[in-house]
Amino acid sequence: MNVTSGAPALSLQSVSITFGGLAAVSDVTMSVPKGAIAGLIGPNGAGKTTVFNIITGFYKPTSGRVEFSGADGGVARITGLPPHKICETGLARTFQNIRLFGNETAIQNVMVGAYVRQKGRWWMNMIPFAFSSSHNEEREIRHTATALLERLGLEKYMDATASSLPYGAQRRLEIARALATKPSFLLLDEPAAGMNPQESAELLGFIRRLRDEFDLSILLIEHDMKVVMGVCEHIWVLDQGMLIANGEPEEIRKNPKVIEAYLGKETAHA
Amino acid sequence: MSGMTDKKNAFRDNTMTLLAIAALAVFLWQAPRILDGYKVRIINLIAINAILGLSLNFIYGIGGMFSLGHAGFMAIGAYVSAILILTPEQKIAMWFLDPIAPWLLNLHAPFLVSLLAAGFFAAFFGWLISLPVLRLGGDYLGIATLGFSEILRVLIMNLTPITNGSLGIKGIPAHTSLWMSYGILVAVVFGTVRIMNSNFGNVLKAVRDDEVAAKTMGIDTFRTRVLAFSIGCFGGGIGGALMGNLITTIGPTMFTIAQTYSILMIVVIGGLGSITGSIIGAVLVTTMLEWLRFVENPLTIGSLNIPGIPGMRMVIFSVLLIAVIIFRREGIMGMREFSWNWFFSLFGSSKPTKGGERV
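Treat the numbers as computed from the prediction; the structure is a model and nothing was measured.

(A) View of the overall build of chain A. When helices and strands are tallied, chain A shows ten helices and ten strands. A compact globule built from 270 residues would reach a C-alpha radius of gyration of about 18 Å, and chain A, at 20 Å, matches this within 12%. Along the first, second and third principal axes, the C-alpha set of chain A runs to 75 × 40 × 40 Å. Across chain A, the fraction of contacts at a sequence separation of at least 24, relative to all contacts at a separation of at least 6, is 66%. With the model as given, the accessible surface of chain A reaches about 12,100 Å², and the carbon-plus-sulfur share is 53%. When the 27 basic and 28 acidic side-chain charges of chain A are each reduced to a single mean position, those positions are 4 Å apart.

Written out as structure tokens, the structure is:
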């Protein structure tokens, strides 16, 4: 098991964002320890994906800051960095509505993920017989991508167009692509969306395996409470852009504020 | 597929590619003996149009950037090449309205150097214009690049000390032989295929397919698009230079929207994103444009006399393009590519694979 001491892998400090006067996320402070599997839950429109978009650099928070401690151990402030720079530091994510490169094959999708760590320049691979290190790197990337697909059980889809894959395989391919960027932190946006009960039961083991085998910290957004309660070690609850609770799954399950947010006031009192 | 068959196939494919190039060489060697000058010129034009189609396809089909400025980049290439090739004496004789700028007078370079310079100049201008313009997307990008190309044309018309204004440049040596144009076409195809088979090719398509996901995967999408645009402009410049050296006369009226339009037609008819498609498109569009000339000639059917209508070819072509867009949006090849595997599966001598490989 991973050590959870030292600086947190990811920490948000009083992060707020307003869109034209509307506070989508206000004063969110949370920190995910290294090696943890953490959950971010909340009713629809609570601002969960907005938090993800702030972390990954698609939105610049109005105030507050995001700090990330990657594989090298140093803590870096990543607020305001463009998304591709944030990926370079070792943060990878998947999307709520799967966003694969639809016209490309599964292996090409994964290889694109490896590009961020690729050193050879584009023109080097154009010229045959020269720049052997660059050509070797290309071969290496193909090998690692193949291995990654095999580890996630996607080898039979290797040369299939991404958009033609079955839904569950697309979800896993999106994770494989994220892993190809060699992240130390993975953000999963509703990994169980669209899965049947059996698939989401398998997902629990899959997420744990990801964390252990790839040495990751994971933060996930999820609506499926079985998944959230089954896999998360710590949970933050967001409602109308504000954190209303955080703690271990058991505490969250009993927290009256959480029940109220999810089920409405009357039911909570009943 | 096991390593053995992979190697065997690679050997077969390389042999077949070499054979195809040899066949092309024999054809190019024999063509001037069998065919008349007019037909040779059309065959030459096919190669140039294929280069132009490939370069626009790189920007539009592979890079996903709708550009209507290709004629502008061709113009840059054609002028750079022409000014470099002409000798100082020729320049003094030709620039009689306004003498040529002194710094240009003694610039002189061999054809191949001028060709490279044409490419790099066009790429440089492409890079320059793409920095502000590529922040736009879709149709807006098309309009902005069209504007750029028109501004360039007006500049060429008026910068007489550099471009000889509306008189144009005449007497450019006819360097574009069949060997030259097809040699460069082979080089361009080779370079494009190498790029598309490398991981950078995957990245280009990724940026086209989903920019948000590409950013998340650590790709600087803006830089990638600027690079793809500049590479495409490089090809446009080379195509323009070859065109100038084929026709031997260039002028600002050569590089209008109609020129861009016919390249665009090659790309769309061939298939957006397909290298094979652009070559097929170039063959079709170039030969059709020549063949359709008869509709512009006066026609007599019995006692009915139809006078020739200039521009009728373009009307027919517009209708054709509309038909392609309605009935076969993905063009002839779609995003597929020619592969020897597919070729052999036609004859049943290899196990059938999917119709062509997606790259």
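(B) The arrangement of the sheet that holds strand E9 (residues 234–239) of chain A in detail. Residue and element names in this part refer to chain A. Ordered in space as E6-E7-E8-E3-E9-E10, the six strands form an open sheet in which the pairing is mixed. The open sheet is flanked by strand E6 (91–93) and strand E10 (242–247), the only strands paired with a single partner. Recorded for the sheet is a direction-independent mean angle of 20° between the axes of neighbouring strands. Bridging between E9 and E10 involves five bridges; their strand directions are antiparallel. Counted as the bridge partner of Val237 is Ala245 from E10. Across the sheet, helix H6 (residues 197–214) lies against strand E3 (37–41), strand E7 (185–189) and strand E8 (217–221), angled at about 150° from E8, the strand it touches most. Packing of helix H9 (residues 256–263) onto the sheet brings it into contact with E3, E9 and E10, and relative to E10 it is tilted by some 130°.

(C) View of the side chain of Thr146(A). Residues and elements named next belong to chain A. Relative to the elements of secondary structure, Thr146 occurs in helix H4 (residues 132–151). Of the polar contacts made by the side chain of Thr146, one reaches the backbone oxygen of Arg142; its length is 2.6 Å. With residues up to four places along the chain from it excluded, the contact list for Thr146 reads Ile107 and Met158.

(D) Structural view of the side chain of Asn53(A). In this fold, Asn53(A) is placed in helix H1 (residues 48–55). On the basis of relative accessibility, which here comes to 14%, the residue Asn53(A) falls in the buried class.

(E) Spatial organisation of the pairing of strand E2 (residues 22–32) of chain A. Residue and element names in this part refer to chain A. With seven bridges joining them, strand E1 (residues 10–19) and E2 adopt antiparallel strand pairing. Bridging from a neighbouring strand, Leu10 pairs with Val32 of E2. If you look at the hairpin formed by E1 and E2, you'll find two residues sitting between the two strands, and Gly20 has a positive phi there, around 50°.

(F) Structural detail: the domain arrangement of chain A. All names here are of chain A. Entries for chain A in the domain assignment read domain 1 (1–90 + 183–270) and domain 2 (101–181). Summarising the inter-unit geometry, the C-alpha centres of domain 1 and domain 2 are found 28 Å apart. Counting from both sides, the interface comprises 18 residues of domain 1 and, opposite them, twelve residues of domain 2. Taking both sides of the interface into account, the surface hidden between domain 1 and domain 2 amounts to around 1,300 Å²; carbon and sulfur atoms contribute 67%. On the domain 1 side of the interface with domain 2, the three residues burying the most area are Pro183, Phe206 and Phe214, jointly 35% of the side's total. Seen at the junction of domain 1 and domain 2, the total is one salt bridge. The tally of links between domain 1 and domain 2 comes to five residue pairs in polar contact (both at pLDDT 80 or more). Of all the secondary structure elements, the ones that give two or more residues to the side of domain 1 that touches domain 2 are helix H2 (83–89), E7 and H6. At five residues, the largest contribution of residues to the side of domain 1 that touches domain 2 is made by H6.

So, how was this worked out
- Residues numbered from 1 in each chain as written.
- Chains lettered and ligands numbered in written order.
- Predicted model: local features only at pLDDT ≥ 70, side-chain atom pairs only at ≥ 80, totals over all residues.
- Heavy atoms only, no water.
- Helix = DSSP H or I, 4+ residues; strand = E, 2+ residues; numbered from the N terminus.
- Rg over C-alpha atoms; globule rule 2.2 N^0.38 Å.
- Contact = heavy atoms within 4.5 Å.
- Areas by Shrake-Rupley, 256 points an atom, 1.4 Å probe, with all protein chains shown as cover.
- Lys, Arg positive; Asp, Glu negative; His and termini not counted.
- Charge placed at Lys NZ, Arg CZ, Asp CG, Glu CD.
- Pairing = 2+ DSSP bridges.
- Axes fitted to C-alpha atoms, helices over the stretch in contact; angles between N-to-C directions.
- Polar contact = N/O pair within 3.5 Å; in protein donor to acceptor, adjacent residues only side chain to side chain.
- Buried < 20%, exposed > 50% of the residue type's maximum accessible area, 1.4 Å probe, protein only.
- Domains from an automatic or database assignment.
- Buried area = accessible area lost by both parts, 1.4 Å probe.
- Salt bridge = Lys/Arg side-chain N within 4 Å of Asp/Glu carboxyl O.

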